[in-house]
Amino acid sequence: MTFRTSQPRSSPSSRSKGEQIALNVDGACADETSTYSSKLMDKQTFVSSQTTSNTSRYAAALYRQGELHLTPLHGILQLRPSFSYLDKADAKHREREAANEAGDSSQDEAEEDVKQITVRFSRPESEQARQRRVQSYEFLQKKHAEEPWVHLHYYGLRDSRSEHERQYLLCQGCSGVENTELVKSPSEYLMMLMPPSQEEEKDKPVAPSNILSMAQLRTLPLADQIKILMKNVKVMPFANLMSLLGPSIDSVAVLRGIQKVAMLVQGNWVVKSDILYPKDSSSPHSGVPAEVLCRGRDFVMWKFTQSRWVVRKEVATVTKLSAEDVKDFLEHMAVVKINKGWEFILPYDGEFIKKHPDVVQRQHMLWTGIQAKLEKVYNLVKETMPKKPDGQSGPAGLVSGDQRVQVAKSKAQQNHALLERELQRRKEQIRASSVLPGIRIKEEPMSEEGEEEEEREVGEDEEPMDTSPSRGLHNRLANGLPAGRAAGGDSFNGHPPPGCANTPVAQELRAFVEATFQRQFVLTLSELKRLFNLHLASLPPGHMLFSGISDRMLQDTVLAAGCKQILVPFPPQTAASPDEQKVFALWESGDISDQHRQVLLEIFSKNYRVRRNMIQSRLTQECGEDLSKQEVDKVLKDCCVSYGGMWYLKGTVQS
């Protein structure tokens with residue numbers, strides 16, 4: 001409902017403003033379609049809106065001579081001023097500007113250019129199309145604009161007609177003697193006056209969905225309260241849960257309820273996977289069914305029962321789930337720390353462990369069953385699995401990421417002497433079987449000067465792998481061997497030359513490279529070496545990859561795995577190291593985005609940084625189709641990072 005009221009203005013300043021507004025809205029020429037026919041803003045429009053859909057619990061009250069008269073309401077409307085005339089003024093202004101520009105640019109033209117016109121014949125409108133058109137917003141707006149105005153006369157508050165209408169709000173002919181309802185108690189009278197709405201009780205949700213109201217929550221059964229809280233919070237100490245439920249709740253009942261919807265991890269409660277991923281649901285990222293998601297999330301929860309830290313790549317490798325799904329699991333219960341991994345989000349709750357040993361023992365038995373199931377599903381090797389602390393006895397059984405790296409270093413050092421003897425034995429065998437008359441085999445120098453001389457002789461054919469402490473392993477070891485040996489370019493590194501791709505070492509290395517590039521399409525040599533060192537740290541002592549892998553062999557394996565080196569033109573003043581300037585990318589992964597990625601990589605072979613609009617236009621030009629925003633975003637997410645409004649290949653941006 002729309003009302004328009006006339007408001008005459010008396011002051012000269014108000015009149016001049018009203019004339020200016022009318023001129024802006026209607027222009028100089030007034031006609032029948034003008035908003036202000038008097039060339040003066042003498043009207044104001046109010047538009048009504050419905051304040052509530054249920055008015056059965058509202059009444060208008062009038063207090064007179066000690067009596068309270070109530071009148072039920074059947075509708076409540078709120079009037080707000082409408083400023084649609086400002087939109088009309090803006091439209092007029094744009095039309096005048098467009099006409100002026102068109103007049104300036106077409107003065108020299110004698111006639112308009114010939115334009116091609118496409119003629120279309122309208123088909124008969126179906127019944128469904130007609131119903132959609134009638135229910136559309138444009139049709140309703142047009143119908144509302146065409147509705148004629150009804151002229152009404154306004155009566156003031158103190159007018160006699162208003163006073164007459166106000167008398168209808170008073171109860172006529174009722175005396176206090178005849179009214180027997182007020183003999184009831186105040187609560188009974190209020191219940192009669194405002195009975196509970198049956199419709200509201202029927203439409204009331206069983207439980208809050210995304211926004212929790214504590215008042216509504218406490219009206220639910222205790223089991224539903226615990227389930228809703230854990231589903232929204234994901235991880236919670238038992239003390240926090242008791243404070244949310246209130247002091248009157250029995251802790252024994254809460255302990256029984258929490259074990260139905262959550263599992264104990266490091267003394268804290270983590271919501272069960274089947275609560276977050278119910279049956280017949282699927283992943284919003286990859287479409288994986290709920291059963292597979294629950295199994296992968298259980299693996300993450302179990303890993304946190306063994307350690308404070310979890311590596312995301314390790315979880316993705318074992319569970320074979322997408323990076324987005326694994327990230328969702330970890331964000332539920334952990335926070336990421338640079339160069340360390342994901343740390344459990346809450347501190348170890350030793351107080352709960354000591355106070356409830358029976359609950360801890362029961363949870364330990366449940367985790368033992370889950371561990372056996374995970375071993376069977378993911379083919380986990382028991383020897384490589386960390387031992388579980390007895391009943392999660394305390395922080396002494398928790399191992400940080402730095403401690404795990406130190407353990408890997410110590411194991412590598414313990415096996416160093418054994419590997420050296422094995423290497424010397426293989427050298428002697430090869431020397432004995434390959435010595436020919438008149439050929440002298442060059443002895444490997446053992447001193448520091450000899451090692452430096454050997455590295456100079458190798459030159460550009462073999463680059464020693466950087467194993468400084470910042471790269472993650474001990475500075476005296478390069479992939480499990482001394483730096484001088486790892487840098488050697490001969491075939492005495494415990495494996496045949498790089499050309500022999502059928503050896504177990506080469507096959508194992510290629511499997512690592514292929515799996516890594518399937519997860520990350522673009523990597524610099526520096527980042528690949530860091531990931532390889534992390535992979536070595538997770539392997540058991542004496543693994544074949546500890547025989548020593550040089551940079552040359554790693555690069556040859558990358559190229560043999562279907563990757564290509566992208567010669568990114570770094571700026572002359574770049575601070576990137578040589579390993580950071582070597583960029584490799586997976587050329588073909590077998591999905592539908594291969595062609596888009598190849599075009600993108602060709603762009604970056606000629607440009608160090610590129611704007612998005614250039615990438616999109618080039619993709620459209622090369623692929624011959626208009627790519628959607630989602631397709632372009634996917635390609636950019638696979639290969640690039642954004643910094644300062646520009647796009648760079650991953651690993652090449654220098655902040």
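Quick summary incoming for the structure in this document. Position labels on residues start from 1 in each chain and follow its written sequence. Given that the model is predicted, a residue must reach a pLDDT of at least 70 before its local features are reported, and side-chain atom pairs must reach 80 or more before they are shown or counted; all residues, however, enter totals for whole chains, interfaces and linings. Based on all heavy atoms of the structure, the side-chain values leave hydrogens and waters out of the count.

## Remarks on the environment of E127
Stated precisely, the cut-off is as follows: In this text, helices come from DSSP runs of H or I with a minimum length of four residues, and strands from runs of E with a minimum of two, each type numbered from the N-terminal end. Definition of a polar contact: a pair of N or O atoms within 3.5 Å, with one able to donate and the other able to accept a hydrogen when the atoms are protein atoms, and with sequence-neighbouring residues admitted only if both atoms are side-chain atoms.
Looking at the element boundaries, E127 is found in helix α3 (residues 127–134). A polar contact is formed between the side chain of E127 and the side chain of R130, at a distance of 3.1 Å.

## With respect to the packing of aromatic side chains
Keep this limit in mind: When the centres of two rings from Phe, Tyr and Trp lie within 6.5 Å, Trp using its six-membered ring, the rings pair. Their planes under 30 degrees apart give stacked, over 60 give edge-to-face, and anything left gives tilted. Exposure categories follow from relative accessible area, calculated using a 1.4 Å probe and restricted to protein chains: below 20% of the type maximum is buried, above 50% is exposed, and the middle band is partly exposed. The rule for a charge over a ring is simple: NZ of Lys or CZ of Arg within 6 Å of the ring centre, and within 35 degrees of the ring normal.
With the rule as written, the count across this model stands at nine aromatic pairs. Relative to F352, the ring of F238 lies with its centre 5.4 Å away and its plane at 45°, an arrangement referred to as tilted. Note that F238 is positioned in helix α10 (residues 238–245) and F352 in helix α16 (residues 350–355), a separation of 114 residues in sequence. In this structure F238 comes out as buried when scored by relative accessible area, which is 8%. Seen from the ring of Y155, R161 lies directly overhead, with NZ or CZ sitting 5.7 Å from the centre. Across the ring face of F521, the terminal group of R597 is positioned such that the distance to the ring centre comes to 4.1 Å.

## Description of the sheet that holds strand β8 (residues 268–271)
Short version of the rule: At least two DSSP bridges between two strands are needed for those strands to be called paired.
Reading across the sheet, the three strands line up as β6-β8-β7 and stay open at both edges, with antiparallel pairing between neighbours. Every other strand in the sheet has two partners, leaving β6 (235–236) and β7 (262–265) as the edge strands with one partner each. As defined by bridge partners, β7 adjoins β8 across four bridges and the pair is classed as antiparallel. Counted as the bridge partner of A262 is V271 from β8.

## What about the pairing of strand β16 (residues 583–586)?
Here β16 shows two buried faces, one formed by V583 and A585 and the other by F584 and L586. Looking at chain direction, strand β14 (residues 522–524) and β16 are connected through three bridges and run antiparallel. Its bridge partner lying in β16, L523 is registered against F584. Relative to β16, strand β15 (residues 563–566) runs antiparallel, the two being bridged by four bridges. When the sheet's bridge partners are listed, C563 is paired in β16 with L586.

## Here we look at the sheet that holds β15
Cut-off, in case you're wondering: Axes here refer to lines fitted to C-alpha atoms; in helices the fit is confined to the stretch in contact. Angles between the N-to-C directions go from 0 to 180 degrees.
Pairing is antiparallel in the open sheet, where three strands are placed in the order β14-β16-β15. Pairing within the sheet leaves two strands with one partner each, and these edge strands are β14 and β15. The average undirected angle you get between the axes of adjacent strands in this sheet is 30°.

## Observations regarding unusual backbone geometry
Even without being a glycine, Q266 presents a positive backbone phi close to 55°. With a phi angle near 70°, D280 is a residue other than glycine that sits in the positive phi range. Relative to the helices and strands, D280 resides in the loop between α12 (273–276) and α13 (290–306).

## Here's the deal with the nonpolar core
How we decide: Here, nonpolar core means buried Ala, Val, Leu, Ile, Met, Phe, Trp, Tyr and Cys residues that are tied together by side-chain atoms lying within 4.5 Å of each other.
Counting 56 residues, the largest nonpolar core has M230, I258, W269 and F304 as its most contacted members. In terms of residue count, the dominant contributor to this core is α13 (eight residues). Of all hydrophobic cores here, the second largest spans 51 residues; its members include L536, F570, L601 and V635.

## Quick word on the environment of Q555
Mapped onto the elements, Q555 comes out in helix α24 (residues 551–560). A relative accessible area of 13% places Q555 in the buried class.

## Here we look at the packing of helix α9 (residues 222–233) against helix α11 (residues 251–261)
A pair of packed helices can be characterised by two numbers: the angle between their axes and the separation between those axes. Quick note on the threshold: Note on terminology: angles under 35 degrees are roughly parallel, angles over 145 are roughly antiparallel, angles of 65 to 115 are roughly perpendicular, and the others are oblique. If you view the pair so one helix is near and one far, a crossing is left-handed when the near helix is turned anticlockwise from the far one by less than a right angle, and right-handed when it is turned clockwise. Contacts were defined at the residue level, with two residues in contact if any of their heavy atoms lie within 4.5 Å. Only Asp, Glu, Lys and Arg are considered charged in this grouping, and only Ala, Val, Leu, Ile, Met, Phe, Trp, Tyr, Cys and Pro are considered nonpolar; every other residue, Gly among them, is considered polar.
Here α9 crosses α11 at 50°, and the two axes come no closer than 9 Å. Classified by the angle between their axes, α9 and α11 sit oblique to one another. For α9 against α11, the interelement crossing comes out right-handed. Counting all contacts with α9, which are made through L222, I226, K227 and M230, the residues of α11 involved are A253, V254, G257, I258 and V261. When the residues that make up the contact of α9 with α11 are grouped by side-chain class, the tally is seven nonpolar, one polar and one charged.

## Details of the pairing of strand β10 (residues 334–337)
Two strands pair when backbone bridges link them, and β10 and strand β11 (residues 341–344) are joined in this way by four bridges, in the antiparallel orientation. Its bridge partner lying in β11, K337 is registered against G341. Linking β10 to β11, which pair antiparallel, is a turn of three residues; within it N339 sits at a positive phi near 65°.

## A few points about the pattern of salt bridges
Just so we agree on the cut-off: Definition used for salt bridges: Asp or Glu carboxyl oxygen within 4 Å of a side-chain nitrogen of Lys or Arg.
Tallying each qualifying case throughout the model produces 17 salt bridges. Here K637 makes a salt bridge to E324, at a shortest N to O gap of 3.0 Å. Pair noted here: K637 is in helix α28 (residues 629–639) and E324 is in helix α15 (residues 323–333), with a separation of 313 residues, a long-range link. On the accessibility criterion, K637 (52% relative accessible area) is exposed. Taking relative accessible area as the criterion, E324 reaches 29% and is therefore assigned partly exposed. Salt-bridge contacts for E514 lead to R510; the nearest nitrogen and oxygen are separated by 2.9 Å. Highlighted residues: E514 and R510, both in helix α22 (residues 504–519), separated by four residues, approximately one helical turn.

## As for the packing of helix α26 (residues 594–604) against helix α27 (residues 612–623)
At a minimum axis separation of 10 Å, α26 and α27 run at an interaxial angle of 125°. If you check the angle between α26 and α27, you find them oblique. In the packing of α26 onto α27, the handedness of the crossing is right-handed. Contacts between α26 and α27 involve Q595, H596, V599, L600, E602, I603 and F604 from the former and M614, I615, R618, L619, E622 and C623 from the latter. Of the residues belonging to the contact of α26 with α27, the class tally is eight nonpolar, two polar and three charged.

## What about a nonpolar patch on the surface?
We count it as follows: Here, patches come from residues exposed beyond 30% relative accessible area and free of salt bridges, joined within 9 Å for like charges and within 5 Å for nonpolar side chains (Val, Leu, Ile, Met, Phe, Trp, Tyr). A 1.4 Å probe and the Shrake-Rupley method give the accessible areas. Residues count as covered only by the protein chains that appear here.
Together, Y63, L68, L70, Y189, L190, L193 and M194 line one region of the surface with nonpolar side chains, adding up to about 690 Å² of accessible area. At the level of elements, β4 (67–72) and α6 (186–193) are the ones that each hand at least two residues to the nonpolar patch.

## Here's the deal with the side chain of S550
Along the chain, S550 turns up in the loop between α23 (525–537) and α24. Here S550 falls in the buried class, since its relative accessible area comes to 5%. In terms of polar contacts, S550 uses its side chain to reach the backbone amide nitrogen of M553, at 3.3 Å.

## A short note on the side chain of T524
Summarising the element assignment, T524 is placed in strand β14. Taking relative accessible area as the criterion, T524 reaches 5% and is therefore assigned buried. Among the polar contacts made by the side chain of T524, one reaches the main-chain amide nitrogen of E527 at a distance of 3.2 Å. Setting aside residues up to four positions removed in sequence, T524 forms contacts with D579, E580, K582, V583, K650 and G651.

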